[in-house]
Every structure is written in C-alpha cells, then in structure tokens.
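Per-entry structural report
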Amino acid sequence: MAAMDADVIVVGAGLAGLVAAHELTSRGRRVALLDQENARNLGGQAFWSFGGLFLVDSPEQRRLGIKDSVELAWSDWQGSARFDRLQDEDSWGARWARAYVEFAAGEKRSWLAGHGISLLPTVGWAERGDLRAGGHGNSVPRFHIAWGTGTGVVEPFVRYARQAARDGLLTFHHRHRVDELVTEGGAVRGVRGTVLAEDDSPRGVASSREAAGEFELTAQAVVVTSGGIGADHDIVRRYWPERLGTPPAEMVTGVPAYVDGRMLDISAAAGVRLVNRDRMWHYTEGIRNWDPVWPGHGIRILPGPSSLWFDALGRRLPDPCLPGYDTLGTLRHLRTTEDLAGHDHSWFILTRKIVEKEFALSGSEQNPDITAKDRKAVLRDRLLGKGAPAPVRAFLRNGADFVTADTLEQLVEKMNGLTGEPLLDAALVRRQIEDRDLQLANPYSKDSQVQGIRNARRYIGDRLGRVAAPHRILDPEAGPLIGVKLHVLTRKTLGGIQTDLDSRALGADGAPVEGLYAAGEVAGFGGGGVHGYNALEGTFLGGCLFSGRAAGRAAAKQTG
C-alpha cells in the first residue's frame with residue numbers, strides 16, 4: 001500500500017473541488033486531487049450544466065430595465081428557503097444564504113470576470129414562484145447564462161489544475177475511490193480507498209468499478225467535494241420526504257452515474273454531522289434522452305410559460321403548477337394527489353409556435369451554440385432564425401416522449417399510445433383547452449397562466465427570445481399540436497455535511513472536525529442546506545464556486 005503525502009487532499013474533481021484546489025495551489029499549497037473517474041471527467045457534473053448563475057443587480061439586469069436589490073433578493077431567498085430549523089439544522093445554512101446573496105450582489109461578477117468567465121447579455125427568468133409576493137420564487141429575472149455554458153465555467157479551473165500539476169503543486173489521482181477518512185485523535189489526517197481499474201470511457205459514461213489495488217494518502221487537511229445523490233435512485237427514495245408524497249417508481253436521471261452520494265455516509269462514519277437529508281431538488285419536466293450518455297439519461301426542458309400542463313389523467317394542473325414557476329410545488333402536487341400516486345408522468349400540450357420560441361433544453365451538449373461561444377449562431381438560431389433550435393428539432397424527430405398531430409383527437413390518441421392505456425379523454429382535454437383559448441380575446445384575463453404570459457412579455461428579454469406571442473392552442477395556423485410526456489428527473493441534493501462559513505465540517509457537537517472541510521453539493525452547497533426547501537435556480541454552480549472558494553482559502557490558512 002503506497003503512502004502519498006500532500007498539504008491538502010481534495011476528494012472530488014468537480015467544480016467545487018477544482019475551485020478549492022485553485023485557491024490552495026495559488027497560495028503555494030501542495031494538493032492531491034482524487035476522483036473515482038478518469039481524467040476526461042474533470043469538472044464533474046458542472047461540465048454538463050447549462051451554466052446558469054444567480055446574480056443580483058447586475059449590469060446585464062440594469063441594461064434590460066430590471067430593478068433588483070439585495071433586499072429584494074434576500075426577501076425572495078427567505079420566502080423560498082422557509083428556514084424552519086434555525087436553532088439546529090438550518091443554523092449555518094441561513095448564514096450561508098445571506099452571505100451568498102451578498103456575494104451575488106457584490107463581488108461575484110467581477111470575480112467571475114477575473115477568471116475569464118463572461119455572461120450572455122440576456123437574463124432569464126427562472127423559477128417564477130408560487131404567485132405570492134412573500135413566497136417562493138424570483139420576483140425578477142436573475143438567471144445569467146455563462147458564455148460556454150457549464151463547460152465554460154469549469155474550463156479555467158481545469159486549466160489552473162493542469163498548470164499546477166506542471167508546476168509540481170498538484171497531483172492528480174484519477175480512478176481513486178475514497179472508502180474511509182483516516183482520523184488521529186479526532187482529527188482527519190488522510191484517506192484510504194480503492195484504486196479502480198483503468199477505464200478510458202468517454203466523459204460521463206458509467207465506468208468500471210473493478211478494484212485494482214488499495215491506497216492511503218495523508219495530509220494536514222482533507223476537503224470533501226464529492227457531489228450529491230442524484231444518480232442513486234435507491235438513496236433518493238430512502239430520503240424522499242413525506243411532504244412530497246410517494247417517490248415515483250420510475251424516474252430519469254439528470255446526472256452521471258458517479259453522482260452516487262458515497263462520501264456522505266463515509267463522512268458521517270468519521271463523526272461528521274449530516275443535516276437536511278430530506279431536502280432535495282428534482283424536476284418534473286424530464287424527458288428521456290434519445291442519445292444517452294449515462295444510464296437512464298434524462299434532459300430537463302427549460303419551459304417558457306405557454307405550454308399547457310396536464311396530469312396523467314388529463315386534468316390541467318392548478319396554480320402555481322405552471323411551466324417555469326414552482327418546481328417542488330408541482331412535484332408535490334403530482335406525488336400527493338391521491339389518484340395520481342400510481343402514475344409517474346405528466347404532459348405538456350403545445351403548438352409549433354410555442355416549441356419554436358420557448359423550448360430550451362438544459363445541458364451544455366444541448367446548447368452547442370452557447371457552449372462554443374458562437375455569438376453569430378446564437379443570434380441566427382435563437383433570435384433571428386425560424387424554427388426550433390437544432391437540439392429541440394432532434395428531440396421532435398427522435399425523442400420517445402414526443403408526439404405530433406394536426407388535430408387534438410389524433411394527438412390524444414398518440415399520447416395514450418405512449419402509456420399503453422387510454423388514460424386521457426380527448427373530450428375532457430378539448431374542453432379545458434377551449435376554455436383557455438377563450439381567454440385570449442382581450443389583453444386581460446382571469447386565467448392565471450394567460451396573465452403570466454402577458455406579464456412575461458412585458459419584460460424585453462422574454463418578449464424577444466423566450467415567450468411566444470399569445471395565441472389559441474387550437475389555432476390551425478399555430479400547429480401542428482405537440483404532446484410531450486414528462487418524467488421526474490433526479491438532480492440535486494439540498495442537504496448534506498453541515499459546515500461553518502469557513503467550510504469546516506462540523507461534528508455532532510457542533511464543533512469543527514479538525515482537518516476536515518466540505519464544499520459543493522455534498523455540503524448542501526454550504527452550511528448543510530443553503531437553499532432551505534427551495535432553490536431560486538442559477539444557484540447550484542454558484543454554490544460550488546462560493547463554497548469551494550471558502551474551503552480552499554480556509555484550508556490554505558490552516559496549513560500555512
């Protein structure tokens with residue numbers, strides 16, 4: 001068994017781990033960077049993301065006429081998080097939340113720019129909320145997309161790591177799986193684990209778990225940045241909260257297979273306190289990827305506000321279960337409504353005009369123009385071009401969850417064909433759509449979704465590139481009609497290792513565990529639950545950046 005020494009061990013080569021490693025090596029610390037995957041997977045899950053970043057009162061917002069402030073953002077965050085364990089599990093998460101909102105309104109943008117990360121000029125309005133001023137959701141658009149998507153956010157930190165390796169300050173240990181944190185006298189002083197057999201699989205593909213040896217590594221400190229639980233559906237179901245009803249029997253997976261949650265229980269075995277494990281973030285607009293990379297690979301539709309949303313029995317979803325509004329509120333409705341418990345899907349019904357203007361797909365590989373930083377392609381395909389973007393057209397042609405038809409009756413017949421039983425009644429669906437279509441005769445309406453569409457189009461960013469002009473769903477000129485079968489898509493862990501504001505992992509007694517830090521999703525993106533019960537979107541990559549930075553700086557100070 002070989003012993004390998006470093007000043008600091010970083011467990012996990014995702015975004016949080018790379019940021020922590022950069023903070024350490026830029027201060028002259030020697031880092032051992034471990035990951036159970038091969039070198040092609042540097043950047044982890046963040047590489048695959050859309051690159052959304054939550055900022056407050058940014059120049060991009062101001063240029064679009066958006067009036068934002070720390071006060072408004074903090075009000076939105078508190079209304080969404082609903083911290084209700086402030087004397088215990090939320091005690092540090094709430095402090096992290098305030099610090100993060102201030103970071104998003106202050107240093108974050110210039111810090112990103114200092115690393116060469118720039119932003120699209122448009123700002124998206126994600127997670128519009130539960131329709132209450134003091135409730136969940138963003139009052140204004142805050143979803144800034146990085147040029148290069150998540151791939152572009154990861155790239156500078158990958159570059160730093162490789163340069164640090166050339167400089168002799170960082171050693172990569174790919175295919176090294178940590179099985180144990182080594183402690184001496186209550187302090188963490190290293191890791192033990194399994195060397196996995198070499199595997200040259202492409203990025204994201206599930207790799208071999210064949211053991212090829214063992215290792216032990218010692219250091220003054222260990223930073224755990226190993227991610228969440230989204231790829232392990234058994235763990236997701238084990239901690240599925242009662243407030244969200246029963247977990248689906250079938251889900252699609254929004255993260256690679258290595259997002260397995262192993263380090264949570266390994267950390268707990270070393271005395272670390274895990275909190276808020278019943279808080280998680282899964283999407284209800286998942287579709288099966290026609291060209292999958294990892295097992296059960298699902299893609300999330302980033303919907304505009306116009307698609308009509310129906311449950312598995314053909315009933316239009318109630319407020320605030322509208323496209324792009326309240327992710328967990330919709331999940332709760334679908335999983336707690338008694339006669340829906342046996343069904344794991346719901347439906348969008350929309351038109352050609354809606355899919356062309358409003359459909360976007362989450363993921364770097366689903367947005368090749370932005371990932372490649374091709375401004376001409378973005379302008380040509382998203383603002384000036386006709387038709388849906390190429391990745392959306394590919395799903396319309398090849399996706400197992402998409403059907404099209406010229407009439408509603410034909411569409412419903414095809415939708416029923418995707419479930420194997422006639423759950424949908426075409427007459428019921430038609431009546432609801434006709435009721436909605438009658439609301440479009442005037443520039444005002446009693447229908448909350450129609451109100452939301454008109455509200456969205458008052459924002460220039462939505463009107464130009466995101467929200468279709470209001471029209472009747474059954475207008476033949478807007479067709480053909482499109483039905484999309486939607487699945488629950490596993491994604492994020494909102495709880496995890498409780499940490500203080502220096503990312504020091506805390507023990508059962510609330511005191512820091514000497515020599516141990518945690519950052520990113522394994523730490524609930526900071527404090528063991530910075531989001532509380534709900535996220536405002538654009539906060540996951542930013543949470544990796546913010547908490548990874550804090551962990552690296554604090555560990556550098558300890559080892560100085």
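Scroll up for the structure.
Residues numbered from 1 in each chain as written. Predicted model: local features only at pLDDT ≥ 70, side-chain atom pairs only at ≥ 80, totals over all residues. Heavy atoms only, no water.

1. Remarks on empty space enclosed by the protein
In plain terms, the rule: A pocket here means an open set of points on a 1 Å grid, computed over the protein atoms alone, that has protein on both sides within 12 Å along at least five of seven lines. A cavity is instead a set of points where a 1.4 Å probe fits but cannot get out; residues with an atom within 4 Å of a point line either one. Grid points are joined across faces, edges and corners, and a volume is the space filled by probe spheres set on the points. The helix count covers DSSP runs of H or I at least four residues long, the strand count covers runs of E at least two residues long, and both are numbered beginning at the N terminus. Ten residues, namely Ala, Val, Leu, Ile, Met, Phe, Trp, Tyr, Cys and Pro, are considered nonpolar, four, namely Asp, Glu, Lys and Arg, are considered charged, and the remaining ones, Gly among them, are considered polar.
This structure, assessed with the given rule, holds 4 cavities of 30 Å³ or more. Roughly 70 Å³ of internal volume is contained in the largest cavity. Broken down by secondary-structure element, the contributors of at least two residues to the lining of the largest cavity are helix H9 (327-336), strand S15 (345-351) and strand S18 (481-493). No other element matches the 3 residues that S18 contributes to the lining of the largest cavity. By residue class, the composition of the lining of the largest cavity is 4 nonpolar, 5 polar and 2 charged.

2. Comments concerning the pairing of strand S2 (residues 31-35)
The condition that has to hold: Burial classification: accessible surface area is computed with a 1.4 Å probe over protein chains only, and a residue below 20% of its type maximum counts as buried, one above 50% as exposed, and the rest as partly exposed. Strand pairing is assigned whenever DSSP identifies at least 2 bridges connecting the two strands.
Judged by how many residues are buried, S2 sits mostly within the fold: 5 of 5 residues are covered. On S2, burial covers both faces: Val31, Leu33 and Asp35 on one face and Ala32 and Leu34 on the other are all buried. Taken together, the 5 bridges between S2 and strand S6 (residues 170-174) define a ladder with parallel strand orientation. Of the residues in S6, the one forming a bridge with alanine 32 is threonine 171.

3. A closer look at the layout of surface pockets
The computed volume of the second largest pocket comes to approximately 290 Å³. Taken together, 18 residues form the lining of the second largest pocket, with Trp125, Arg128, Leu131, Tyr325 and Asn455 sitting closest to its centre. In terms of residues, the lining of the second largest pocket owes the most to one element, helix H16 (residues 448-456), which gives 4 residues. Of the residues contributing to the lining of the second largest pocket, the split by class is 4 nonpolar, 10 polar and 4 charged.

4. Regarding the packing of helix H4 (residues 91-105) against helix H18 (residues 540-558)
In a packed pair of helices, the relevant descriptors are the angle between the two axes and the axis-to-axis distance. For clarity, the cut-off: Lines fitted to C-alpha atoms define the axes here, with helix axes fitted over just the stretch in contact, and angles between the N-to-C directions of these axes take values from 0 to 180 degrees. These descriptions rest on fixed angle ranges, namely under 35 degrees for roughly parallel, over 145 for roughly antiparallel, 65 to 115 for roughly perpendicular, and the rest for oblique. We call two residues in contact when some of their heavy atoms are within 4.5 Å.
Packing of H4 against H18 leaves a shortest axis separation of 11 Å and a crossing angle of 105 degrees. One way to sum up the angle between H4 and H18 is to call them roughly perpendicular. Listed contacts from H18 to Trp96, Ala99, Tyr100 and Phe103 of H4 are Gly542, Gly543, Phe546, Ser547, Arg549 and Ala550. Among the residues making up the contact of H4 with H18, the classes are represented as 6 nonpolar, 3 polar and 1 charged.

5. Remarks on helix H3 (residues 70-81)
For clarity, the cut-off: Expected helix span is computed as 1.5 Å times (number of residues minus one).
Across its 12 residues, H3 extends 16 Å between first and last C-alpha, which sits within 8% of the 16 Å expected from 1.5 Å per residue. When we look at burial in H3, the residues that qualify are Ala73, Trp74, Asp76, Trp77, Gly79, Ser80 and Ala81. Contacts made by the buried residues of H3 are with strand S3 (52-54) and H4. Positive backbone phi, at 50 degrees, marks arginine 82, one or two positions downstream of H3.

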